[in-house]
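This is what each chain is made of:
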Amino acid sequence: MPTRLVAFPALDAARDERLRGEFVDLELLNAVDQAAALAAMPEADAFFGKITPELLAASQRLRWVQSPTASLEHYLFPALVEHPSVLTNMRGIFSDVIADHVFGYLLCFARNLHRYVRQQQHRQWAPVGSETARADFSVGPGQVSAIDTAHRDLPGATLGIVGFGEIGREIACRARAFGMRVLAVDARRQGMLEYRVDCLPVARLPELLAASDYVVIAAPHTPETERMFRREQLRQMKPTAYLVNIGRGAIVVLDDLVAAIAAGEIAGAALDVFENEPLPAEHPLWGMENVILTPHIAGASARVAARHFDVLRDNIGRFLSGKPLLNIVDKQAWY
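Residues numbered from 1 in each chain as written. Predicted model: local features only at pLDDT ≥ 70, side-chain atom pairs only at ≥ 80, totals over all residues. Heavy atoms only, no water.

Asker: I'm lost on the overall build of the chain in this one. Help?
Answerer: Counting its secondary structure elements, the chain contains 12 helices and 12 strands. Taken over the C-alpha atoms alone, the chain extends approximately 85 × 40 × 35 Å along its principal axes. For the chain, the residues scored as buried account for 49% of the 335 residues in total. Contacts in the chain between residues far apart in sequence, at least 24 positions, make up 60% of those at least 6 positions apart. Accessible surface, the chain: about 16,200 Å² in total, of which carbon and sulfur atoms supply 55%. Here the chain contributes 34 positive and 39 negative side-chain charges, whose respective centroids are spaced 4 Å apart. (Helix = DSSP H or I, 4+ residues; strand = E, 2+ residues; numbered from the N terminus. Buried < 20%, exposed > 50% of the residue type's maximum accessible area, 1.4 Å probe, protein only. Contact = heavy atoms within 4.5 Å. Areas by Shrake-Rupley, 256 points an atom, 1.4 Å probe, with all protein chains shown as cover. Lys, Arg positive; Asp, Glu negative; His and termini not counted. Charge placed at Lys NZ, Arg CZ, Asp CG, Glu CD.)

Asker: Is there a simple way to explain the sheet that holds strand 4 (residues 64-66) in this structure?
Answerer: Within a sheet, neighbouring strands are paired by backbone hydrogen bonds and run either parallel or antiparallel to one another. Pairing in this open sheet of five strands is parallel, and the strands run 2-1-3-4-5 from one edge to the other. The open sheet has two edge strands, strand 2 (26-30) and strand 5 (86-88), and neither has a second partner. On average, each strand axis in the sheet is tilted by 15 degrees relative to the strand beside it, whichever way the strands run. Sheet topology note: the strand 1 (residues 3-8)/strand 2 ladder contains five bridges and is parallel. If you follow Arg4 over to strand 2, its bridge partner there is Glu27. Strands strand 2 and strand 3 (46-49) of the sheet are contacted by helix 1 (residues 13-22), whose axis makes an angle of about 165 degrees with strand 2. Strand contacts of helix 12 (residues 304-321): strand 1, strand 2, strand 3, strand 4 and strand 5, with the helix running at about 170 degrees to strand 4, the strand carrying the most contacts. (Pairing = 2+ DSSP bridges. Axes fitted to C-alpha atoms, helices over the stretch in contact; angles between N-to-C directions.)

Asker: How do you make sense of the packing of helix 1 against helix 12 when you look at a structure like this?
Answerer: Packed helices, taken two at a time, are described by the angle between their axes plus the distance between the axes. At a closest axis distance of 11 Å, the pairing of helix 1 and helix 12 adopts a crossing angle of 25 degrees. The angle between helix 1 and helix 12 places the two elements in the roughly parallel class. Relative to helix 12, helix 1 is oriented so that their crossing is right-handed. Counting all contacts with helix 1, which are made through Arg15, Arg18, Leu19 and Glu22, the residues of helix 12 involved are His308, Phe309, Leu312, Arg313 and Ile316. (Parallel < 35°, antiparallel > 145°, perpendicular 65-115°, else oblique. Left-handed = near helix turned anticlockwise from the far one by under 90°.)

Asker: Where do I start with the nonpolar core in this structure?
Answerer: Side chains of a nonpolar character, in soluble globular proteins, are inclined to be buried together. Core analysis: the biggest nonpolar cluster contains 32 residues, and Phe229, Leu243, Leu257 and Leu285 have the highest contact counts within it. Listed by contribution, the elements that provide at least two residues to this core are strand 7 (181-185), helix 9 (205-211), strand 9 (214-217), helix 11 (254-262), strand 11 (268-271) and strand 12 (291-293). Top element by residues in this core is helix 11. It accounts for five residues. In this structure, Leu154, Ala172, Met180 and Ile246 belong to the second largest nonpolar core, which totals 31 residues. (Core = buried A, V, L, I, M, F, W, Y, C linked by side-chain atoms within 4.5 Å.)

Asker: Explain the packing of aromatic side chains to me, please; I cannot follow it from the model alone.
Answerer: The description of an aromatic ring pair rests on the distance of the ring centres and on the angle between the ring planes. Tallied over the full model, the rule gives five aromatic pairs. Between Trp64 and Phe319 the ring centres are 5.1 Å apart and the planes differ by 35 degrees, which places this aromatic pair in the tilted class. With Trp64 in strand 4 and Phe319 in helix 12, the pair connects residues that are 255 residues apart, well separated along the chain. Summarising the burial analysis for this pair, Trp64 and Phe319 share the class buried. (Phe/Tyr/Trp six-rings, centres within 6.5 Å; stacked < 30°, edge-to-face > 60°.)

Asker: Would you mind showing me how to read the environment of Lys238 here?
Answerer: Within the fold, Lys238 resides in the loop between helix 10 (231-235) and strand 10 (242-245). Placed 29 residues apart in sequence, Lys238 and Leu209 show a C-alpha to C-alpha distance of 7.4 Å. Here the side chain of Lys238 touches Asp213 through a polar contact of 3.0 Å, side chain to side chain. (Polar contact = N/O pair within 3.5 Å; in protein donor to acceptor, adjacent residues only side chain to side chain.)

Asker: Teacher, can you tell me more about the sheet that holds strand 8 (residues 198-200) here?
Answerer: The strand order across the open sheet built from seven strands is 8-7-6-9-10-11-12, with neighbouring strands paired in parallel fashion. Each edge of the open sheet carries a strand with a single partner, namely strand 8 and strand 12. Across the sheet, the mean angle from the axis of one strand to that of its neighbour is 15 degrees, orientation sign disregarded. Pairing analysis gives three bridges linking strand 11 to strand 12, with the strands arranged parallel. Within strand 12, the position partnered with Leu271 by the bridge is Leu293.

Asker: Hey, could you run me through the pattern of salt bridges in this one?
Answerer: Side chains that differ in charge, positive against negative, can pair when their charged atoms come close. In the structure shown here, the tally under the stated rule is 19 salt bridges. In this structure, Arg4 and Glu27 form a salt bridge, with 2.9 Å as the shortest nitrogen-oxygen distance. Of this pair, Arg4 sits in strand 1 while Glu27 sits in strand 2; the two residues are 23 residues apart in sequence, bridging distant segments of the chain. Relative accessible area serves as the criterion here: at 13%, Arg4 is assigned to the buried category. For Arg15, the salt bridge goes to Asp12, with nearest N and O atoms at 2.8 Å. (Salt bridge = Lys/Arg side-chain N within 4 Å of Asp/Glu carboxyl O.)

Asker: How should I be thinking about the side chain of His151 in this particular structure?
Answerer: With respect to the secondary-structure elements, His151 resides in the loop between helix 7 (146-149) and strand 6 (158-162). A polar side-chain atom of His151 sits 2.7 Å from a polar atom in the side chain of Tyr116. The residues contacting His151, other than those within four sequence positions of it, are Ala110, Arg111, Asn112, Tyr116 and Val128.

Structural data, given as structure tokens:
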């Protein structure tokens, strides 16, 4: 009996053709609608796409489910968590792209590029820092001006990473190349020796926050990380530190973030993900000069589509040959 993989929503024609040509022992059922997917589920050994409680209940021999996403907070449901099938996801395909995005933020904050871009729109020539010290141009040899201190150096600064998975590790690699000290907190604490990172248990998050000049949230949305960053955590950061969130919007309470920035408890923030998306036009974050906002595009890249297909293809080959699958998920932990 051939191994049956049900794909729903249906794969595009190009991917469907490539998989059929490569895996002759695979019966690929490309379901065009919910009814077709439901009819195919009793004989399905594997599933790719958006599985629902109804589809799962119809299955009789399902052994593997491949999520088309890396995040799983909107994918998992109780019956799937308890089901004996193995769940895999797409983690890792965005990691280097998102890490590049993070360093775009950090360089903006270090060199005030976000402020200079805004000044450029008004044809304004004003070095940041000159507004606080008009005597900058009379500074003597060896002295440091307000303009100098308003522009930071990444070498020697401390980067704190919350969540040391695939994305966190890519961020750490770039931080090391910039000469930064790197701290991390992670529930699993894996990879700390390979990446030369001081990886702390989550209970020591306050220690990381107090030591970091930049704090990057690269954690998934789980029951443990939801609303993890509130006013209390923000007050544990340096008043000169910046918060970056490219993890999940549910991790940071935005009202608390706005209050902390307005009170000068942190220097600013860069966000790609938000509690509610799109961020409402009237939200106060839009008007804050020391905040950078991007519309959930940190993982956008022309390279991702090919990587997405490669994970699916590799895992099909592994499933058919009985080899361990890539990106196996701990369903209880959501990642």
